[in-house]
Amino acid sequence: MSESLEMMKQRGYAPRVVIDGGANLGQWATLASAVFPQAVFNLIEPQPRCQEHLRASLTAPRFRVHPFALTAPGVHQVRLASAGGQGVSTGAFVTDREWGADVDVLEAPATTLDELLADSVTAADRVLLKLDLEGHELAALQGATTLLGIAEALVIETSFYDIFSQGRPLFAEIVAHLTRAGFVLYDFAALYPRARDQRLRMADAILVRTGSPLLDDVSWD
């Protein structure tokens, strides 16, 4: 991830605003803020204990915590399930089903990216949007119609098959949605195979808006 972001920086990309959807404990934000030290970071995270950690650890004024889950238009509350305990999980996901006692379920306020931030950014901010929402990325993108018309680059976690048959959107669906919104696949920051047979399971994909200076260099080497 750090190498991919650094490569974008070396090619002249300097976002003024970074939106971190699914900020968790700030792992990605800490990494990205070292690459883009002048950017303002909007950290969007629905888990209260994670919010506490973010506010305590990323204290500079350029880090702003938003206590919401990101979702589709018309939804104002979601249920988050996790097995992390203590209200902190790196894999908390939006769910509609019932779970046993071994799974923590949290009712969280929800909003769309457009409602939260679209009015506060412009194309001049060269917005970098990162989404790591454990399968809820497409719903969040559906709530970002205006923001996707402004953002220049996205980092998005996506799956290549429906892990545990949970009905989550796959890589092709995500890319198709973003292609219609004017983005093209630019890079893979990380590829994750499953351990037992090395089948490609997930990826952190980077997509860039058509017309971005990042796409100007089309030489072979």
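That block above? That's the structure.
Note that this is a predicted model, so its numbers are computed, not measured.

The rules we used
- Residues numbered from 1 in each chain as written.
- Predicted model: local features only at pLDDT ≥ 70, side-chain atom pairs only at ≥ 80, totals over all residues.
- Heavy atoms only, no water.
- Pairing = 2+ DSSP bridges.
- Helix = DSSP H or I, 4+ residues; strand = E, 2+ residues; numbered from the N terminus.
- Axes fitted to C-alpha atoms, helices over the stretch in contact; angles between N-to-C directions.
- Parallel < 35°, antiparallel > 145°, perpendicular 65-115°, else oblique.
- Left-handed = near helix turned anticlockwise from the far one by under 90°.
- Contact = heavy atoms within 4.5 Å.
- Buried < 20%, exposed > 50% of the residue type's maximum accessible area, 1.4 Å probe, protein only.
- Arc of directions from axis to C-beta.

S.K.: Any details on the pairing of strand β10 (residues 183–193)? Residues and values, ideally.
M.R.: Pairing of β10 with strand β11 (residues 200–209), which is carried by nine bridges, proceeds in the antiparallel orientation. By the bridge assignment, L191 is partnered in β11 with A203. What sits between β10 and β11 in their antiparallel hairpin is a turn of six residues, with Q198 showing a positive phi close to 65°.

S.K.: Quick rundown of the packing of helix α1 (residues 2–10) against helix α2 (residues 27–35)? Include the residues and the values.
M.R.: As a packed pair, α1 and α2 sit with axes 9 Å apart at the nearest point and diverge in direction by 30°. Looking at the two axes, α1 sits roughly parallel to α2. Crossing geometry of α1 relative to α2 is assigned as right-handed. Between α1, through S2, L5, E6 and K9, and α2, the contact on the second element is made entirely by W28, L31, A32 and V35.

S.K.: Lay out the side chain of S4 with the relevant residues and their values.
M.R.: Residue placement: S4 occurs in helix α1. Owing to a relative accessible area of 8%, S4 belongs among the buried residues under this scheme. Dropping the residues within four chain positions of it, S4 is found in contact with D187, F188, A189 and I206.

S.K.: Summarise α2; cite the residues concerned and give the values.
M.R.: Taken residue by residue, α2 has W28, A29, A32, S33 and V35 as its buried positions. Taken down its axis, α2 places every buried residue within 150° of arc, on the same side.

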